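One-letter residues, chain by chain:
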Amino acid sequence: WEEALVRHLRYGGRIIGICGGLQMLGRAVHDPDGIEGSAGSSEGFGWLDFETTLAPRKQLRNVEGRLADALGGARVRGYEIHCGVSHGPALSRPSSLLADGRGDGAISDDGRIFATYLH
């Protein structure tokens, strides 16, 4: 998949990562407790500067808010259901601003990669 995605980006395409896709767009996914399989870490694509660590407690919540201005600012509503806790500089440029005051996801500097936890 990586070769096809790199080619897609090279020719001007865009990529959206949702939930696990968001996690894969970062530098790494860490699973120290073996929640999704054997304990350890997996490399991500590294296209967004963050890492994700899987935690024992699943996050589940209904949310609403707005897409970032760079994505048009449209209203969004959905749900989050994930064990991952993501952290890193790319998350300072969120793809959505949620009504509870949190940012969600990330947008690449060139605006061609968009990642979100929202379903």
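Conventions we followed
- Residue positions within a chain follow its written sequence, with the count starting from 1.
- Confidence filtering applies because this is a predicted model: local features only for residues at pLDDT of at least 70, side-chain atom pairs given and counted only at 80 or more, and all residues used for totals across whole chains, interfaces and linings.
- Based on all heavy atoms of the structure, the side-chain values leave hydrogens and waters out of the count.
- One bridge is not enough; two strands pair if DSSP finds at least two bridges between them.
- Secondary structure elements follow DSSP: runs of H or I no shorter than four residues count as helices, runs of E no shorter than two count as strands, and numbering proceeds from the N terminus.
- Disulfides are defined as pairs of cysteine sulfur atoms found within 2.5 Å of each other.
- Here the term buried applies to any residue with accessible area under 20% of the maximum for its type, exposed to any over 50%, and partly exposed to those in between, with areas from a 1.4 Å probe on protein chains only.
- Working definition: a ring pair exists when centres of Phe, Tyr or Trp rings (six-membered ring for Trp) sit within 6.5 Å. Plane angles under 30 degrees give stacked, over 60 give edge-to-face, the rest tilted.

Visitor: If you had to explain the pairing of strand β2 (residues 28–31) to someone new, which residues and values would you point to?
Guide: In the sheet, β2 pairs with strand β3 (residues 40–43) via four bridges, with the strands oriented antiparallel. Each residue of the ladder has a partner; that of V29, found in β3, is S42. Examined bridge by bridge, β2 and strand β4 (residues 51–67) share three bridges and lie parallel to one another. Residue pairing in the sheet places V29 in a bridge with T52 of β4.

Visitor: Tell me what's going on with the state of the cysteines, and back it up with residues and numbers.
Guide: By definition, a disulfide is the covalent link that joins the sulfur atoms of two cysteine residues. Under the criterion given, the structure shown has zero disulfides. Between C19, a cysteine without a disulfide, and C83, which holds the nearest cysteine sulfur, the sulfur-to-sulfur distance is 9.1 Å. Exposure remark for C19: the relative accessible area of 11% places this residue in the buried category. By relative accessible area, which is 10% here, C83 ends up buried.

Visitor: Describe the packing of aromatic side chains, listing the residues and the values that go with them.
Guide: Given two aromatic rings, one states the distance between the centres and the angle between the planes to describe the pair. Across all of its chains, the model carries one aromatic pair by this definition. A ring pair is formed by F45 and W47, whose centres lie 4.6 Å apart and whose planes are at 10 degrees; its orientation type is stacked. Owing to a relative accessible area of 21%, F45 belongs among the partly exposed residues under this scheme.

Visitor: Help me get a handle on the sheet that holds strand β1 (residues 15–18), residues and values and all.
Guide: What the three strands build is an open sheet, ordered β1-β9-β8; its pairing is mixed. Each having just a single partner strand, β1 and β8 (106–107) make up the two edges of the open sheet. Here β8 pairs with strand β9 (residues 113–116) via two bridges, running antiparallel. Bridging from a neighbouring strand, A106 pairs with A115 of β9.

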